[in-house]
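Coordinate inspection notes
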Amino acid sequence: MKIFILLVSVLSVYCGISSSPKIKNPSPQISGSVSPTELQNGLYAILLGKSFYPNRLTNSDKEEGESEIAFLFYLIKLEKRYILIDTGTSSISTPEITVHNWISPDKILGSAGIKPGMIGEIILTHFHLDHSGGIGLFPNAKIYVTPEDWNSLKKTNQYASLRLLAKERSGKVQFVNSSLEVFQNFRILLTRGHTQGSIAIEWLASPGKKFLITGDECYWVEFCKQGQGLSSEGTFSLSNNKEFLDYVSVVSSSGTKILTMHDPAVLSLGEEIFPRIYKLD
Ligand SMILES: [Zn+2]
């Protein structure tokens, strides 16, 4: 997703501005809270909202027109360890794009009893603000990110840059320079196709249950499985993107579940156990 269209989200996170997104339909009410112990260990997809996006910027087989996309991020819960893969964004409302039915990521997680301070780790698939705009909501989290995309994020605006620098100086940014095993059977893969420092996540959650979270290297799961990547307009490196998509098609044919950040079809793989929170395994 282009950076300029989402700049407002980081401004609101770091400036503490309470902006009111354009919500076309009333959102489901999120109220009260439950004990986090009610949330089982596992992988969850979180739905921030939906919008429309040009097909030519995705791995669609259509060049023209737009399709409805979801704005997703993922939560992994392992006992007391809460890991986010991307954060979603704290708000979106610009002339270029509006997330319909948007709810702030911290509020969605709150409905399952997860307070912002409980998020200990955030893995950023890339710096674009629909993926990284919510990091300021989670003050205790260590952030895994490539140095290239961290620098790109800092360039988004000066105020955010100072806050991000403070995060970096506090030792809460772990730079990813090569593929990295965060914990057993859970790996960050450098992909470097969509952006200069984009990454993907591969997790063997249990025997026979493997997930590949692609970031924005591809959008539509069915086309990802066929190895269909982005156009040059949607990539930093077309060849890196293609190389990764070849990998996606190979592992999907041997049973790995492919999960993207924008395909609403991901939600049909799971069950909505709290509003906007879908259990996937
Ligand atoms: Zn995106």
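Reading the values: the criteria
- Residues numbered from 1 in each chain as written.
- Predicted model: local features only at pLDDT ≥ 70, side-chain atom pairs only at ≥ 80, totals over all residues.
- Pairing = 2+ DSSP bridges.
- Helix = DSSP H or I, 4+ residues; strand = E, 2+ residues; numbered from the N terminus.
- Axes fitted to C-alpha atoms, helices over the stretch in contact; angles between N-to-C directions.
- Expected span 1.5 Å × (residues − 1).
- Contact = placed C-beta atoms within 7 Å.
- Buried ≥ 20, exposed ≤ 12 C-beta atoms within 10 Å, placed from the backbone.

The strand order across the open sheet formed by eight strands is E6-E5-E4-E3-E2-E1-E13-E12, and the pairing between neighbours is mixed. Edge positions in the open sheet fall to strand E6 (173-175) and strand E12 (271-274), since each of these has one partner strand only. Taking each pair of neighbouring strands and ignoring which way they run, the sheet shows an average axis angle of 30 degrees. Looking at chain direction, strand E1 (residues 42-54) and strand E2 (residues 66-78) are connected through 12 bridges and run antiparallel. Bridged to Leu47 within E2 is Leu72.

With that settled, consider the pairing of strand E9 (residues 199-206). For strand E8 (residues 186-190) and E9, the ladder comprises five bridges, and the chain directions are antiparallel. Paired with Ile188 across the bridge in E9 is Ile201. The pairing of E9 with strand E10 (residues 209-213) spans five bridges and is antiparallel. Across the sheet, Leu204 pairs through a bridge with Lys210, a residue of E10. Hairpin connection, E9 to E10: the antiparallel pair is bridged by two residues, and Gly208 has positive phi, about 85 degrees.

Taken together, five strands build an open sheet; the order of strands is E7-E8-E9-E10-E11 and the sheet is mixed. Across the chains shown, the open sheet's two edge strands, defined by having one partner strand only, are strand E7 (180-183) and strand E11 (257-259). For this sheet the average axis-to-axis angle between neighbouring strands, irrespective of direction, equals 20 degrees. Across three bridges, the pairing between E10 and E11 is parallel.

What follows concerns the pairing of E7. Pairing between E7 and E8: three bridges, direction antiparallel. Paired with Leu180 across the strands is Ile188, a residue of E8. Between E7 and E8, which pair antiparallel and follow one another directly, the connecting turn spans two residues, one of which, Asn185, has a positive phi of 70 degrees.

Here helix H7 (residues 238-253) spans 23 Å end to end across 16 residues, near enough to the 22 Å set by a 1.5 Å rise per residue. Where H7 is buried, its residues meet E9, E10, helix H6 (221-225) and E11. Directly after H7, the chain includes Gly255, whose backbone phi takes a positive value near 105 degrees.

Summarising the element assignment, Phe71 is placed in strand E2. With 21 residues separating them in the primary sequence, Phe71 and Lys50 have C-alpha atoms 5.8 Å apart. Not counting the four nearest positions on each side in its chain, Phe71 is found in contact with Leu48, Gly49, Lys50, Gly88, Val99, Asp130 and His262.

Next up on the list: the environment of Ser252. Looking at the element boundaries, Ser252 is found in helix H7. The class for Ser252 is partly exposed, based on 19 C-beta atoms found within 10 Å. For the pair Ser252 and Gly227, spaced 25 residues apart in the sequence, the C-alpha separation amounts to 9.6 Å. When residues no more than four places from it in sequence are discounted, the contact partners of Ser252 are Lys225 and Ile258.

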